[in-house]
Amino acid sequence: MARLPNLDHFHLLDAEFVYEPSDDTFLLCDAIQNEKKLIDSLLGRCDGIPTILEVGSGSGCVITFTTILLRNLGYNNILSMATDINPKAIAMTQKTAKSNGVSVEAVV
């Protein structure tokens with residue numbers, strides 16, 4: 001079971017510029033967790049590198065959670081990408097990924 005990413009680096013002042021993880025963030029992570037068997041089944045049929053993309057990554061919680069989940073399922077070679085129109089959100093996404101030991105390519 002994947003755990004929610006460590007967000008200790010996210011401070012109250014950051015929420016002024018970056019979407020703070022909230023109920024919808026945690027519900028989406030729960031939904032992804034609940035569908036891990038389906039996700040594993042679909043990825044198992046694909047050739048190449050498993051690739052995931054989050055549009056509007058904000059804090060980076062969801063993309064980091066999903067990357068950790070896939071790694072826990074045995075997908076060690078994952079291309080995780082995130083995008084956001086907010087450069088501060090991209091920086092936070094990269095901090096979240098790094099703080100949790102995963103790699104996410106994040107671009108504005």
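Refer to the structure presented above.
Quick summary incoming for the structure in this document.

Here is what the cut-offs are and how they apply
- Residues numbered from 1 in each chain as written.
- Predicted model: local features only at pLDDT ≥ 70, side-chain atom pairs only at ≥ 80, totals over all residues.
- Heavy atoms only, no water.
- Helix = DSSP H or I, 4+ residues; strand = E, 2+ residues; numbered from the N terminus.
- Buried < 20%, exposed > 50% of the residue type's maximum accessible area, 1.4 Å probe, protein only.
- Contact = heavy atoms within 4.5 Å.
- Expected span 1.5 Å × (residues − 1).
- Arc of directions from axis to C-beta.
- Core = buried A, V, L, I, M, F, W, Y, C linked by side-chain atoms within 4.5 Å.

**A closer look at the overall build of the protein**
Here is step 1: The secondary structure content of the protein amounts to 4 helices and 3 strands.
Here is step 2: Secondary structure of the protein in N-to-C order comes out as α-α-β-α-β-α-β.
Here is step 3: Based on the C-alpha atoms only, the size of the protein along its principal axes is roughly 45 × 25 × 20 Å.
Here is step 4: A burial count over the protein gives 41% of its 108 residues as buried.
Here is step 5: For the protein, restricting intrachain contacts to residue pairs at least 6 apart in sequence, the fraction spanning at least 24 positions comes to 73%.

**A look at helix H1 (residues 23-34)**
Here is step 1: Counted at 1.5 Å a residue, the expected span for H1 with its 12 residues is 16 Å, and the 16 Å between its end C-alpha atoms agrees.
Here is step 2: Turning to H1, its buried residues are Thr-25, Cys-29, Ile-32 and Gln-33. Taken down its axis, H1 places every buried residue within 100° of arc, on the same side. Residues of H1 that are exposed and point over 90 degrees away from its buried face: Asp-23, Leu-27 and Asn-34.
Here is step 3: Its buried side turned inward, H1 meets helix H2 (36-44) and helix H3 (61-72).

**Things to note about the nonpolar core**
Here is step 1: Counting residues in hydrophobic clusters, the biggest one holds 25 residues, and the most contacted among them are Leu-70 and Val-104.
Here is step 2: Counting only elements with at least two residues in this core, the list comes to H1, H3 and helix H4 (87-99).
Here is step 3: Counting residues per element, this core draws most heavily on H3, which supplies 7 residues.
Here is step 4: Apart from the residues lying within four places of it in its own chain, the contact partners of Val-104 are Ile-63, Thr-67, Ser-80, Met-81, Ala-82, Thr-93, Gln-94 and Ala-97.

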